[in-house]
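Below, each chain spelled out in residue letters.
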Amino acid sequence: MDINKLMKQAQQMQAGMQKAQEELSNQTVEASVGGGKVIVVATGAGEVQDIKIDPSIVDAEDVEFLQELVLKGVQEAITKGKEMATGEMSKLTGGLNIPGLS
């Protein structure tokens with residue numbers, strides 16, 4: 001086994017992963033909850049970029065319901081972003097489970 005070849009492959013994989021992470025931070029996913037009344041947009045890096053709330057569900061008497069919907073939307077968007085990131089990273093690693101990438 002040629003150690004230099006192995007090191008070069010590792011460096012190429014690392015460069016590819018860095019590029020993929022940069023691309024993921026520009027790609028977005030959307031989660032819709034409450035029948036589309038709350039929409040959350042997040043990046044593949046897990047950053048929430050936008051939250052849209054349909055005014056028809058805003059009720060001063062039931063703020064807890066709105067809070068639950070927003071939380072659920074944020075959680076779903078972040079999960080979708082992580083799933084997208086995991087899929088992209090597994091393309092680079094050939095399906096190897098490398099700690100810290102998923």
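Residues numbered from 1 in each chain as written. Predicted model: local features only at pLDDT ≥ 70, side-chain atom pairs only at ≥ 80, totals over all residues. Heavy atoms only, no water.

Let us look at the overall build of the protein. Within the protein, the regular secondary structure consists of two helices and three strands. Looking at the protein as a whole, 23% of its 102 residues are labelled buried. Within the protein, contacts between residues at least 6 apart in sequence are counted, and of these 45% link residues at least 24 apart. (Helix = DSSP H or I, 4+ residues; strand = E, 2+ residues; numbered from the N terminus. Buried < 20%, exposed > 50% of the residue type's maximum accessible area, 1.4 Å probe, protein only. Contact = heavy atoms within 4.5 Å.)

When pLDDT is averaged along the protein, the result is 86, and 89% of the positions lie at 70 or above. Considering each helix and strand of the protein separately, the mean pLDDT is smallest for helix α1 (residues 3–24), with a value of 83, and largest for strand β3 (residues 48–53), with 96. (pLDDT = per-residue confidence, 0-100.)

What follows concerns the nonpolar core. By size, the foremost hydrophobic cluster in this structure holds twelve residues: Val29, Ala31, Val33, Val38, Val40, Ala42, Ile57, Leu66, Leu69, Val70, Val74 and Ala77. Only β1 (28–33), β2 (38–43) and α2 (63–93) provide two or more residues apiece to this core. In terms of residues, this core owes the most to one element, α2, which gives five residues. Each residue touching Ala31, except ones within four places of it in the same chain, is listed here: Val38, Ile39, Val40, Gly73, Glu76, Ala77 and Lys80. Listed in part, the five residues of the second largest apolar core include Met17, Ala20, Leu24 and Ala85. (Core = buried A, V, L, I, M, F, W, Y, C linked by side-chain atoms within 4.5 Å.)

Here we take up a nonpolar patch on the surface. Where nonpolar side chains cluster on the molecular surface, the patch consists of Val48, Ile51, Ile53 and Val58 and spans about 290 Å² of accessible area. Tracing the backbone through its elements, the reader meets Val58 in the loop between β3 and α2. Exposure remark for Val58: the relative accessible area of 52% places this residue in the exposed category. (Patch = residues over 30% accessible without salt bridge, like charges linked within 9 Å, V, L, I, M, F, W, Y side chains within 5 Å. Areas by Shrake-Rupley, 256 points an atom, 1.4 Å probe, with all protein chains shown as cover. Salt bridge = Lys/Arg side-chain N within 4 Å of Asp/Glu carboxyl O.)

Moving on to the pattern of salt bridges. Any two side chains of opposite charge can pair, so long as their charged atoms come close to each other. This structure, assessed with the given rule, holds four salt bridges. Put simply, Lys52 and Asp50 hold a salt bridge, and the shortest N to O gap is 3.2 Å. Look at Asp50 and you get partly exposed, because its relative accessible area is 31%. A salt bridge links Glu76 to Lys80, with the nearest nitrogen and oxygen atoms 3.8 Å apart. With Glu76 and Lys80 both in helix α2 and four residues apart, the pair spans about one turn of that helix.

Turning our eyes to something else, we now look at a negative patch on the surface. A grouping of Asp59, Glu61, Asp62, Glu64 and Glu68 is seen on the molecular surface, where their side chains present a negatively charged patch. Topologically, Glu64 is positioned in helix α2. In this structure Glu64 comes out as exposed when scored by relative accessible area, which is 51%. (Lys, Arg positive; Asp, Glu negative; His and termini not counted. Charge placed at Lys NZ, Arg CZ, Asp CG, Glu CD.)

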